[in-house]
Amino acid sequence: MKGVGPYTAGAILSIAYGKPEPAVDGNVMRVLSRILMIYEDIAKPKTRKTFEAAVRKLIDHEHTSAFNQALMELGALICTPGKPACLLCPVQSHCLAFEAGVQSELPVKIQKKKRGMYQL
Ligand code: SF4
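Presented here is a report on the structure given in the accompanying data block. Since the model is a prediction, treat every value here as computed from it, not as a measurement.

### A short note on the overall build of the protein chain
Of regular secondary structure, the protein chain possesses 5 helices and 0 strands. Listed N to C, the secondary structure of the protein chain is α-α-α-α-α in terms of helices and strands. Considered along the principal axes of its C-alpha atoms, the protein chain spans approximately 60 × 40 × 20 Å. A burial count over the protein chain gives 38% of its 120 residues as buried. Counted over contacts in the protein chain with a minimum sequence separation of 6, partners at least 24 positions apart contribute 63%. As presented, the protein chain carries roughly 8100 Å² of accessible surface, and 58% of it is formed by carbon and sulfur atoms.

Spelled out as structure tokens, the structure:
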């Protein structure tokens, strides 16, 4: 789709047209980084491709809208950045980070160092 980013395109295609396309935003990257224990830096633009590929493998072709919206909701309400509510999580039994006890390590997001105008 011209003029729209990959997230919006994926959301429209999966929700409005039932296409098995990923709609990967920050919430989805956080959730999947934990469920699949993906330690790639989500601050890097190319990392989105890893998560898009993961969604393409996992997405329910019969329920593309529900699948993508459920991932977004899980990230917004349960698998939150600070303290994920793992004990309430409906996918806890599938979550590799929960099993390993490393939820707080994920997602990896390495901040760029700010450069001053003048370097000595
Ligand atoms: S078990 Fe915890 S870390 Fe894993 S997806 Fe659920 S809320 Fe997120």
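There's more to say after this.
### Digging into unusual backbone geometry
The omega torsion of the bond from Leu106 to Pro107 falls at 0°, within 30 degrees of zero and hence cis. Positionally, Pro107 belongs in the segment after helix H5 (96-100). At Met37, a position not held by glycine, the phi torsion is positive, near 50°. By the secondary structure assignment, Met37 is in the loop between helix H2 (26-35) and helix H3 (47-58).

### A look at helix H1 (residues 6-16)
Every buried residue belonging to H1 is among Ala9, Gly10, Ala11 and Ser14, and all of these are buried. The elements touched by buried residues of H1 are helix H4 (64-78). Gly18, located one to two residues past H1, shows a positive phi value of around 70°.

Conventions and cut-offs
- Within each chain, residue numbers correspond to sequence positions counted from 1 in written order.
- Only residues with pLDDT of at least 70 are given local features in this predicted model, and only at 80 or more are side-chain atom pairs given and counted; all residues enter the totals for whole chains, interfaces and linings.
- Each side-chain value is derived from all of the structure's non-hydrogen atoms; neither hydrogens nor water enter the calculation.
- We count a stretch as a helix when DSSP gives it H or I for four or more residues in a row; a strand needs E for two or more, and each element gets its number in order from the N terminus.
- Burial status follows relative accessibility: with a 1.4 Å probe on protein chains alone, a residue under 20% of its type maximum counts as buried, one over 50% as exposed, and anything between as partly exposed.
- We call two residues in contact whenever any of their non-hydrogen atoms come within 4.5 Å of each other.
- Only the protein chains shown count as covering a residue, and every accessible area follows the Shrake-Rupley method with a 1.4 Å probe.

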